[in-house]
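Structure at a glance
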Protein chains: 2
Amino acid sequence: MENSFPKHPSAVKVMDDSGVRLNHILARLRERDFRITPQRMAILKILAESRDHPTVEEIYAQVRSAFPTTSLATVYKTVTLLKGLGEVLEVGTRTGSSRYDGGKPYPHPHVICTGCRAMIDFEEPALDDLTRQVAEKTGYQISDYQFDFFGLCPRCRK
Amino acid sequence: MENSFPKHPSAVKVMDDSGVRLNHILARLRERDFRITPQRMAILKILAESRDHPTVEEIYAQVRSAFPTTSLATVYKTVTLLKGLGEVLEVGTRTGSSRYDGGKPYPHPHVICTGCRAMIDFEEPALDDLTRQVAEKTGYQISDYQFDFFGLCPRCRK
DNA sequence: GTATCTGCAAAAGGTTTGCATTTTG
DNA sequence: CAAAATGCAAACCTTTTGCAGATAC
């Protein structure tokens, strides 16, 4: 195979059912002998369920309501671990903190409001093809991309 | 007009001749009563001439060889100023420092080597069209995008 | 029981800011 | 000469790290 570019939902086992997604991540962790602590479980649930691309700070705040002693460092460590396993996608917003997607951990475009920071996904099947073209034309072995649009959402537009 | 999306070279006056590009930026600065200090001039030259997307740190090192008293803060301030004027494009590399393109200040895709960090431009005319589609489908008023591919370049591939 | 995880606090980048001094136009 | 830019150091933010004590399996 020419490159190791991540696959789409059907291939990667990403489902709209966040419960199934959570179980999938749990299985991956057990597989590799990572431990399921209460803090981790809480973080995993948030990442698997939320559709709004939370920041570490936001995850932290939510986890704290259930486990008040949880530390920011633990959230960072867990998110980093999941990123390494390919079970969470980090989205850099170029202003401030990264945001995380535990529901669709493969690269895909986002549309980000420069006013309220709302972030939505954008489906564009042609990107797999474009990625292949980039690999061909440049000789690079493309393994990842980030593609984000910025602008005002309908509400912030006034 | 539906959106304020930046235009391509022919429209924006970006030329392969870095001297002309430099003059263009100088004119923009004078226009707005910004002053042309020796430090600024040195930074502008580097940004207009270089094709390798330097970091602030790299610009700083180069400027220092001509003006040894120059400070990092001045480089940051100048780059921020030019970004605000739309005369420099900031490219986030998601590892470490941003890199800057003073030759093509409008959004365009990059291909970045995850080994040696080499960064090349990628021309894809169809993106203007895709941007329009994103605006239509989402209702967002798209003003900018970032689109970067990551992977090993032919040399780093071994 | 032991390897792993947590929580704390300190450190580490990268970038921004405040302000006195210098310089440009 | 007035307005703007420089240079320095301190401040800022986000993320990472080291390590002693706690905990999952």
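As a starting point, this report considers the structure included with it. (Residues numbered from 1 in each chain as written. Chains lettered and ligands numbered in written order. Predicted model: local features only at pLDDT ≥ 70, side-chain atom pairs only at ≥ 80, totals over all residues. Heavy atoms only, no water.)

**Remarks on helix 6 (residues 126-138) of chain A**
Given 3.6 residues to a turn, an α-helix orients residues that are three or four positions apart in the same direction. Taking 1.5 Å as the rise per residue, helix 6 of chain A with 13 residues should run 18 Å; its terminal C-alpha atoms sit 18 Å apart, in good agreement. G139(A) occupies a position one or two residues after helix 6 of chain A and carries a positive phi of about 80°. (Helix = DSSP H or I, 4+ residues; strand = E, 2+ residues; numbered from the N terminus. Expected span 1.5 Å × (residues − 1).)

**With respect to the protein's contact with DNA strand C**
The immediate surroundings of DNA strand C are formed by 20 residues, with T37(A), R40(A), K77(A), R35(B) and Y76(B) found nearest. When atoms of DNA strand C within 4 Å of the protein are sorted by moiety, sugar and phosphate together comprise 73%. Where the surface near DNA strand C is concerned, the elements lending two or more residues are helix 3 (38-49) and helix 5 (72-84) of chain A together with helix 5 (72-85) of chain B. Here the element with the most residues in the surface near DNA strand C is helix 5 of chain B; it accounts for four residues. For the surface near DNA strand C, the class distribution of residues is six nonpolar, nine polar and five charged. (Near = heavy atom within 4 Å. Nonpolar A, V, L, I, M, F, W, Y, C, P; charged D, E, K, R; others polar.)

**Topic: the relation of the copies chain A and chain B**
Superposition record for chain A on chain B: RMSD 0.1 Å, screw rotation 180°, translation along axis 0.0 Å. Both copies of the chain, as the preceding transformation shows, are related through a two-fold rotation axis. Closest approach to the rotation axis among the C-alpha atoms of chain A is made by F147(A), whose C-alpha sits 2.2 Å away. Interface overlap between copies: 100% of the residues of chain A at the interface are likewise at the interface in chain B, consistent with a symmetric, same-surface contact. (Least-squares fit on C-alpha atoms with pLDDT ≥ 70 in both. Contact = heavy atoms within 4.5 Å.)

**Overview of the interface of chain A and chain B**
Often the size quoted for an interface is simply the accessible area lost on bringing the parts together. On the chain B side, the residues contacting the 34 residues of chain A number 34 residues. Both sides of the chain A and chain B interface together cover about 3200 Å² of buried area, and 59% of this is carbon and sulfur. Between D144(A) and R94(B) there is a salt bridge; the shortest N-O distance is 2.3 Å. Where chain A touches chain B, the interface holds twelve residue pairs in polar contact (both at pLDDT 80 or more). The set of elements that each furnish at least two residues to the side of chain A that touches chain B consists of strand 3 (110-113), helix 6 and strand 5 (141-152) of chain A. By residue number, the principal contributor to the side of chain A that touches chain B is strand 5 of chain A, which donates twelve residues. Split into classes, the residues belonging to the side of chain A that touches chain B amount to 18 nonpolar, nine polar and seven charged. (Buried area = accessible area lost by both parts, 1.4 Å probe. Salt bridge = Lys/Arg side-chain N within 4 Å of Asp/Glu carboxyl O. Polar contact = N/O pair within 3.5 Å; in protein donor to acceptor, adjacent residues only side chain to side chain.)

**With respect to the pairing of strand 3 (residues 110-113) of chain B**
Residues and elements named next belong to chain B. Residues H110 and I112 line one face of strand 3 and the alternating positions V111 and C113 line the opposite face, and both faces are buried. Of the strand pairs in this sheet, strand 3 and strand 4 (residues 119-121) are connected by three bridges, and their pairing is antiparallel. Bridging from a neighbouring strand, I112 pairs with M119 of strand 4. Hairpin remark: strand 3 followed by strand 4, antiparallel, with five residues in the connecting loop; positive phi at R117, about 75°. In this sheet, strand 5 (residues 141-152) lies alongside strand 3 in parallel orientation, the contact comprising four bridges. The residue bridging I112 from the neighbouring strand is F150, located in strand 5. (Buried < 20%, exposed > 50% of the residue type's maximum accessible area, 1.4 Å probe, protein only. Pairing = 2+ DSSP bridges.)

Without other data, these values stay purely geometric and don't point to any function.
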